[in-house]
Amino acid sequence: MACAVAGGAAALCCGSLSQSNELLLLPERRSAHPQILCYLQNFQPSRLLGCRRRLPLTTLSELHGEFCRNRFLDGRPQILVRAARDIFASKKSNLYVGTSSCNDRRNVSVALSITGSNFKQHQQVDIGLRKSQLGTQKTKVSVDAPNVELESSSSEDYSTLKYICSVLKKGGPRSDAENLLSVVSKDLSAPLIARVLEQQTEVGVAYWFFNWSGKQIGYKHDTKTFNVLIAMLSESQRLNSIQQVLRIMQTRHRVMDESTFTILVKAFTISGTLDASLEMYTELKNYGFHFNAFAHNALISVLVALGYLETALAIYKEWQKANAGQNLYTFTKLIDAFGKAGKVEVVEQLLRDMEFRGLRPTKIIHTSCIRSFGRAGNIKLALKCFESMKAEPRQLDAFTFSTVIQILCERGMMDCAWNIFMEMMEVSCFPDVVTYNIMIDSFGKSNPDIARELFCMMKEQHCKPNIATFTSIILQFCKSGRINEALNFLRQMEEMSIAPTVLTYNVCIERLVKARRFDEAYHLIEEMRSKNCSPDSYTYGVFINSLSKAGDLQQAFKILNLCQEEGVTPSIQNFSFLLDGLGKAGKVDEAYNLFENTLKKYHQPDVVVYNILLDCHGKTGKLDVVCRLFEEMNNTGCEPDACTYNIYLDALCRARRIDELLFHFEDMLSRGITPTFVTSNIVVGTLVNAKNVDLACELLQQFVKRGCVPCLSTYNMLINGIFKKEKAVEALNIFQEMIPVCAPDMVTYSIVIDGLGKAGKPDEAYQVFEHMLMKGFVPDDVVLSSLVNVFCKGDKAEEAYNHIMRLLGTLGTGSPGPVTCKVLVEGLCKAGYYDHACTFFKAMKDKGCAIDLFTYSSVISGFGRYGQVDKACEIFDEMLHKGCIPDVVIYNALMDGLQKAGRLYEAFKIFESMKRKQVAEDVITYNILIDGLGNMGKSEEAYDLFERMKAKGYFPDEVTYNTLIKGMRTLRELDEAFRLFEEMQENNISPDVITFGTLIDGLAKAGRYVEAQNLFDEMPNFKCRPNVIVYNSLLFGYCRAGKMNDALDYFEDMIRRRCKPDDLTYNTLVVGYCKAGQVEKGYELFLEMLQKGYSPPMQTYNALIKEFGVVGNIDEAYKIFEEMLARGHKPDVFTYASLPCQTI
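Residues numbered from 1 in each chain as written. Predicted model: local features only at pLDDT ≥ 70, side-chain atom pairs only at ≥ 80, totals over all residues. Heavy atoms only, no water.

Caption draft 1: A look at the overall build of the chain. Across its full length, the chain holds 61 helices and 6 strands. Partitioning the contacts of the chain with sequence separation of at least 6, the portion at a separation of at least 24 is 62%. Here the chain has roughly 55900 Å² of accessible surface; of this, 51% comes from carbon and sulfur atoms. (Helix = DSSP H or I, 4+ residues; strand = E, 2+ residues; numbered from the N terminus. Contact = heavy atoms within 4.5 Å. Areas by Shrake-Rupley, 256 points an atom, 1.4 Å probe, with all protein chains shown as cover.)

In structure tokens form, the structure reads like this:
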């Protein structure tokens, strides 16, 4: 029976089918071998073989030829051939084939006896031929594979076949061929023509012979001959010729059978012309061909195999309308295909259709449903399907249980999966190696010890582990860092005679390399070679990657060379690891040489390689190489991705080539590459740094419209840049647009609050602060200090105090912090709200805020800086009383407050106390005391302290020198100040704007204008930009000397350099013009001063009133006087003395 089944399979595969003759399998003593039956079920479930089942007729030579050539039309020859060969090698089998004919032509019975262990051995065939109405006659034929020697029912037929084949072989379609063949024209029959066609290797010859034979008198082609020709044409993909043959069939009224349709479907679908296949399906129906279940199933099978699921479903639905024919094979194919595609609703509908047709789902269908429902996330439906299978226990097998366990593990339902596993053993359905592998792989990921327990259970139940079992366990232990235990399992594989694969070794080698256990890793490579398991590129890549990341590039190159010496082609990933390591090590030239001279010999560079090279060259500023590589990518057809453009744009950004950056950004969009938040960060950041915030805002809107929401850093950068451009309203608009798409963080709120404060919008800043609180943010010290600073700078220190005091109850522990405390105390003291400052400090202590040294120094500094020295000393004593030991910062804060209040003696007492308590002074300490001595005119004592400071090893800084220079006020001391100026430079201390301002002020007041001007001209050499104080010093000197033209030149230079004049600037010029007798020019500057919002001092009013009186313009003088009164100024004695005709 086994041989009968095998023979039937070969007949099915041949595709040479006939409706008029069918084989009838006779029962044999032995049952069919399960391997053969398994294959047949997979190949053609609708024709599952058994006793008394009918198969299409095939000739003996077809059967023998297909087996000998190992060639089947369905493209799967080896499986069936090897299975049959194994069976035939172990036992002798007999194949009895009987025929029943619908016609009265002939009945043929064939007895095939195959002996020996190999198809190449001699095989003897007995053929019994029995003609209808006559007795039985037997003829013996010898067949040796692979050559076919056939003796037909009569020597005449065989001679005719041999003669025709020899004629066609010698020349095919030639002028004398027809004459040679005309001898046998009367002996032609359809079976003979079919055999002749099957013997031909050239399609053209077969096509010519088919046409010639069809023209012979007394002969007509049947469906069989048409099928043979169509099959030959389909193999050579001559689709146009096939269509011509179909038209001939129609004109000659030959009915197509299911074999015809099967051949056509394969021909059209294999050629990729699926549309033509479907058109052919429609045409065949128009020809009157009624498709049976086999034909429909064939088309559906091909469609689902090619992935045309919707088309297959449409064919099924059209077939369903006929209300006939669908069988288990139909539903098995469709349910499996749509289940794998995740289309659960279609699967459910197919199940309902099965139920409607009275078909019970098979085990295969149930398992497919469980898998599809589970992977679609519908675990409930999958388990319901599983429960329905339990009603028929014979349907449950290890494969079904394994499927259920796998989908549960994939969904993370580990407990449920374990329960199913235990249930499986309770019902005596013992797990197989696949089940255990699923369990080990799933449970071992979280705990390798569970994998070990399952492995032990597996051996106890005599279920032999396979290579997948060991590889999974070794991988789990390696990932958890337990490499020694993984190596133990590797040794167990050897004990069980299971040869590790290269994957198994790679897993162990990778973990050993990551653990820096290189010697053991090298030993495993040697072991691989000794066991004929050659290391692959991944094996070497593990070493190269690890060594490159560790910076050991020399050893990494040795591994690369070893890989090449072993005859293993390094993968492109291996080169990527090396290139990345070289790039990060700054060896960009070596990286480029490796790319050009080695990598390109083996591989076409991909986008990853180009990205690595672009990145390392871009970061080192080699923009020319970056541009060349980017152009090379485009020329070689390597499509850049978003990462490529981000790297390229970043390189252009570093080079400040903004126009090119914008050009390539547009190119990126034109290619359909979606920008990322990195792209937006680069483009917007570049424009913000270039102060082109308007274009940055415009591009930001494009990013949002394209669905690329910029990240927080992009928004923060843009908002900060807009505030720096003094466009507070626009910045606030961007902030409001940002909120729906990207939630602001603390940095965002801090930027907005600080920016609004600097723009003089404290109320808006507080609204933003309230929005922050509403969103659940707890303000930190930075945000609170920014908010307080906003109010304090806007002369609203009391308002800031009220807000903070109101928030004290809601702020978290530790808030407000020391910075907020410092800013608020200083702001309150500056505004004269000393009591508020004390109340706030006390409230902080009562709330439990941590009062650390920084807080104490902030409060002491705040009180001391604004004249509340006694309060500062009181807090200092409180700190000492609480056992808080002050540091040098606190001592400095207290001394600074005392010296600013003129209490230098007490400052020096604190200094002595500080030394007694062994608190080391610093440069700031000496700077404070030197400043105090200088303010009191004690420049010599200040200089002596300066010398003592240097003697103790403290190096003076620019503040020290500036403080000394500021204290030298006399003409004699001015020369000493310049000596200090030169000493600064000798000590590599660069003078700053304060240094230049102090010296220029001294020179201007001393009337040394040329020296002052020369010193002013030297400022750019020290990268110092003159500020308003420097300009005011120069203007004061020139105005005092009556050099108003020079003064005006410097004023215009000041405006040109965008140095904003202050009220002192205007006052100096107005008074200077008045003293120079140019009251009209002075008055023009006075009006400009008022227009810009400055409040002129009494000195300016008095100078204008006096000068207008001198020139006799009494009305204007009194007009100025009235303006002065309107602005709240009280006239002093000089005012009244300057008024014309005024009697005191």
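Caption draft 2: View of the packing of aromatic side chains. With the rule as written, the count across this model stands at 39 aromatic pairs. Ring geometry for F386 against F401: centres 5.4 Å apart, planes inclined by 75°, an arrangement best described as edge-to-face. Taken together, the residues F386 in helix α18 (residues 379–390) and F401 in helix α19 (residues 398–410) connect sequence positions 15 residues apart. The exposure class assigned to F401 is buried, which follows from its relative accessible area of 0%. Ring pairs connect the aromatic residues Y1009, F1016, Y1031, Y1038 and Y1050, which therefore count as one cluster. (Phe/Tyr/Trp six-rings, centres within 6.5 Å; stacked < 30°, edge-to-face > 60°. Buried < 20%, exposed > 50% of the residue type's maximum accessible area, 1.4 Å probe, protein only.)

Caption draft 3: Region of the structure containing the pattern of salt bridges. All told, the structure shown has 48 salt bridges when counted by the stated rule. The partner of D931 in a salt bridge is K966, and the shortest N-O contact between them spans 2.8 Å. Residue D931 is located in helix α49 (residues 923–935), and its partner K966 is located in helix α51 (residues 958–967); the two are separated by 35 residues in the primary sequence. A relative accessible area of 14% means that D931 is categorised as buried. For R979, the salt bridge is made with E976, and the minimal N-O distance between the two is 2.7 Å. With a gap of 3 residues between them, R979 and E976 both fall in helix α52 (residues 971–986), about one helical turn apart. A relative accessible area of 31% places R979 in the partly exposed class. Each of the salt bridges in this network shares a partner with another, and the network as a whole consists of E947, K950, E976, R979 and E983. (Salt bridge = Lys/Arg side-chain N within 4 Å of Asp/Glu carboxyl O.)

Caption draft 4: The packing of α49 against α51, seen in detail. Put simply, α49 and α51 touch, their axes get as near as 9 Å, and they point 5° apart. Taken together, the axis directions place α49 and α51 in an arrangement best described as roughly parallel. From α49, V923, N927, I930, D931, G934 and N935 reach across to α51, where they touch V959, T960, T963, L964, K966 and G967. Broken down by class, the residue content of the contact of α49 with α51 amounts to 4 nonpolar, 6 polar and 2 charged. (Axes fitted to C-alpha atoms, helices over the stretch in contact; angles between N-to-C directions. Parallel < 35°, antiparallel > 145°, perpendicular 65-115°, else oblique. Nonpolar A, V, L, I, M, F, W, Y, C, P; charged D, E, K, R; others polar.)

Caption draft 5: Just helix α44 (residues 834–847), in detail. With 14 residues, α44 should reach 20 Å at 1.5 Å per residue; the first-to-last C-alpha distance of 20 Å fits that figure. Considered for burial, the residues of α44 that qualify are A837, F840, F841, A843 and M844. The arc enclosing the buried residues of α44, seen along the axis, measures out at 160°, which places them on a common side. Opposite the packed face of α44, turned more than 90 degrees from it, sit the exposed residues D835 and D846. Looking at the packing, one finds that the buried side of α44 touches α42 (797–807), α43 (818–830), α45 (853–865) and α46 (869–881). (Expected span 1.5 Å × (residues − 1). Arc of directions from axis to C-beta.)

Caption draft 6: Just the environment of H771, in detail. You can see H771 is positioned in helix α40 (residues 762–774). Ignoring any residue separated from it by four or fewer positions in sequence, one finds H771 in contact with I739 and Y749.

Caption draft 7: Highlighting the environment of S259. Following the sequence through the fold, S259 ends up in helix α11 (residues 258–270). Taking relative accessible area as the criterion, S259 reaches 1% and is therefore assigned buried. Each C-alpha atom of the pair S259 and K224 lies 9.0 Å from the other, and the pair is 35 residues apart in sequence.

Caption draft 8: Geometry of helix α56 (residues 1044–1056). In this model, α56 (13 residues) spans 18 Å end to end at C-alpha, consistent with the 18 Å of a helix rising 1.5 Å per residue. Within α56 the residues assigned to the buried category are M1044, A1047, Y1050, F1051, D1053 and M1054. Among the structural elements, α54 (1009–1018), α55 (1028–1040), α57 (1063–1075) and α58 (1079–1091) are those in contact with the buried residues of α56. Taken from the residues just after α56, R1058 is the one with a positive phi, measuring 60°.

Caption draft 9: Geometry of the packing of helix α37 (residues 712–724) against helix α38 (residues 728–741). For the pair α37 and α38, the least separation of the axes is 8 Å and the interaxial angle reads 165°. Relative to α38, the element α37 is oriented roughly antiparallel. With respect to the hand of their crossing, α37 and α38 are arranged in left-handed fashion. Residues L712, Y715, N716, L718, I719, I722 and F723 of α37 touch α38, and the partners they reach there are A728, E730, A731, I734, F735, M738 and V741. Looking at the contact of α37 with α38 residue by residue, the classes come out as 12 nonpolar, 1 polar and 1 charged. (Left-handed = near helix turned anticlockwise from the far one by under 90°.)

Caption draft 10: Quick look at the side chain of T504. Following the sequence through the fold, T504 ends up in helix α25 (residues 502–514). In contact with T504, other than residues within four places in its own chain, are I467, T471, I474, L490 and M493.

Caption draft 11: Expanded view of the confidence of the model for the chain. Mean pLDDT over the chain: 76, with 81% of residues reaching 70 or higher. Per-element averaging of pLDDT across the chain places strand β1 (residues 21–25) at the bottom with 27 and α56 at the top with 89. Here residues 1–153 scores under 50 on pLDDT; set against residues more than four positions off or in separate chains, the count is 249 contacts. (pLDDT = per-residue confidence, 0-100.)

Caption draft 12: How the structure looks around the side chain of T225. Structurally, T225 can be placed in helix α9 (residues 223–235). Assessed through its relative accessible area of 0%, T225 is described here as buried. Here the side chain of T225 touches D222 through a polar contact of 2.7 Å, landing on its backbone oxygen. Beyond its immediate chain neighbours, meaning those up to four positions away, T225 contacts A190, I193, A194, L197, F210 and Y219. (Polar contact = N/O pair within 3.5 Å; in protein donor to acceptor, adjacent residues only side chain to side chain.)

Caption draft 13: Molecular detail of unusual backbone geometry. We note that N532 has phi near 60°; this positive angle belongs to a residue other than glycine. Tracing the sequence through the fold places N532 in the loop between α26 (518–530) and α27 (537–549). Looking at N532, the relative accessible area reads 74%, which means it is exposed. Despite not being glycine, N988 shows a phi value in the positive range, around 60°. By the secondary structure assignment, N988 is in the loop between α52 and α53 (993–1005).

Caption draft 14: Seen up close, the environment of Y926. With respect to the helices, strands and loops of the structure, Y926 is situated in helix α49. When its relative accessible area of 1% is taken as the criterion, Y926 is described as buried. For the pair formed by Y926 and L945, sequence separation is 19 residues and the distance between their alpha carbons is 7.6 Å. With residues up to four places along the chain from it excluded, the contact list for Y926 reads F911, E921, L945, M949, K952 and Y954.

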